[in-house]
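Examining the three-dimensional arrangement
If you want the building blocks of each chain, they are given just below.
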Amino acid sequence: ARPVFSELGEALEGELDFLKEAQAMDKLRASLAFDTAGAASTPPLRVPKAVPGLASRRVLVMDFVEGTPLSKLGTLSPPPSPELRAYVGSRIVAALGEAYARMIF
């Protein structure tokens, strides 16, 4: 059981390294700035930028991005229709899928 917990601890330490998270945010933002043909385009999503000099392994300071968290969409007045929620959700998933695919391949 000890090796499993040791491995889990190492994995969590890597996941909680905010310098790595800042780098991942930069890569994702750069990937979203181009379309599938490689031409510069307006990003479909906004990814916050880490504030230079204020990120460390334990702290990540980002710029503020105005918007409504997905978890709060149901509290808007009037609430968005189920069709609009599905459309927005599918656009987000498609944009992230394309961005990650470009980063991998």
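Use the structure listed above.
A brief report on the enclosed structure follows. The structure presented is a predicted model; accordingly, all values stated were derived computationally and were not measured.

Procedures and definitions
Residues numbered from 1 in each chain as written. Predicted model: local features only at pLDDT ≥ 70, side-chain atom pairs only at ≥ 80, totals over all residues. Heavy atoms only, no water. Helix = DSSP H or I, 4+ residues; strand = E, 2+ residues; numbered from the N terminus. Rg over C-alpha atoms; globule rule 2.2 N^0.38 Å. Buried < 20%, exposed > 50% of the residue type's maximum accessible area, 1.4 Å probe, protein only. Contact = heavy atoms within 4.5 Å. Areas by Shrake-Rupley, 256 points an atom, 1.4 Å probe, with all protein chains shown as cover. Lys, Arg positive; Asp, Glu negative; His and termini not counted. Charge placed at Lys NZ, Arg CZ, Asp CG, Glu CD. Salt bridge = Lys/Arg side-chain N within 4 Å of Asp/Glu carboxyl O. Core = buried A, V, L, I, M, F, W, Y, C linked by side-chain atoms within 4.5 Å.

Looking at the overall build of the protein
- Scanning the protein from N- to C-terminus turns up three helices and zero strands.
- When its helices and strands are written in sequence order, the protein yields α-α-α.
- A compact globule built from 105 residues should have a C-alpha radius of gyration of about 13 Å, whereas the protein, at 17 Å, is more than 25% larger.
- Overall, the C-alpha framework of the protein stretches about 50 × 35 × 30 Å when taken along its three principal axes.
- Looking at the 105 residues of the protein, the share that counts as buried comes to 12%.
- Across the protein, the fraction of contacts at a sequence separation of at least 24, relative to all contacts at a separation of at least 6, is 50%.
- In the structure as shown, the protein presents an accessible area of about 8,100 Å², 63% of it carried by carbon and sulfur atoms.
- Charged side chains of the protein number 12 positive and 12 negative; the gap between the two group centres comes to 3 Å.

Let's talk about the environment of Arg 29
- For Arg 29, the position within the fold is in helix 2 (residues 18-32).
- Expressed as a C-alpha distance, the spacing of Arg 29 and Lys 49, which sit 20 residues apart in the sequence, is 8.4 Å.
- When sequence neighbours within four positions are dropped, the list of residues in contact with Arg 29 reads Val 47, Pro 48 and Lys 49.

Remarks on the pattern of salt bridges
- All told, the structure shown has two salt bridges when counted by the stated rule.
- One salt bridge in this structure joins Asp 17 and Arg 57, with 3.2 Å as the shortest N-O distance. Linking Asp 17 in the loop between helix 1 (2-15) and helix 2 with Arg 57 in the loop between helix 2 and helix 3 (82-104), this pair joins segments that are 40 residues apart in sequence.
- On the basis of relative accessible area, Arg 57 is assigned to the partly exposed category, the value being 38%.
- We note a salt bridge from Asp 26 to Arg 29, for which the minimum N-O separation is 2.5 Å. In this pair, Asp 26 and Arg 29 are both assigned in helix 2, three residues apart and thus about one turn of the helix distant.

Thoughts on the nonpolar core
- In this structure, Met 25, Leu 28, Leu 32, Val 47, Ala 95 and Ala 99 together form the largest nonpolar core, which totals six residues.
- For this core, the secondary structure elements donating two or more residues are helix 2 and helix 3.
- Considering every element that reaches this core, the biggest residue donor is helix 2, with three residues.
- Ignoring any residue separated from it by four or fewer positions in sequence, one finds Leu 32 in contact with Ser 41, Pro 43, Pro 44, Leu 45, Val 47, Ala 95, Ala 99 and Arg 102.

The values are spatial; any link to function lies outside them.
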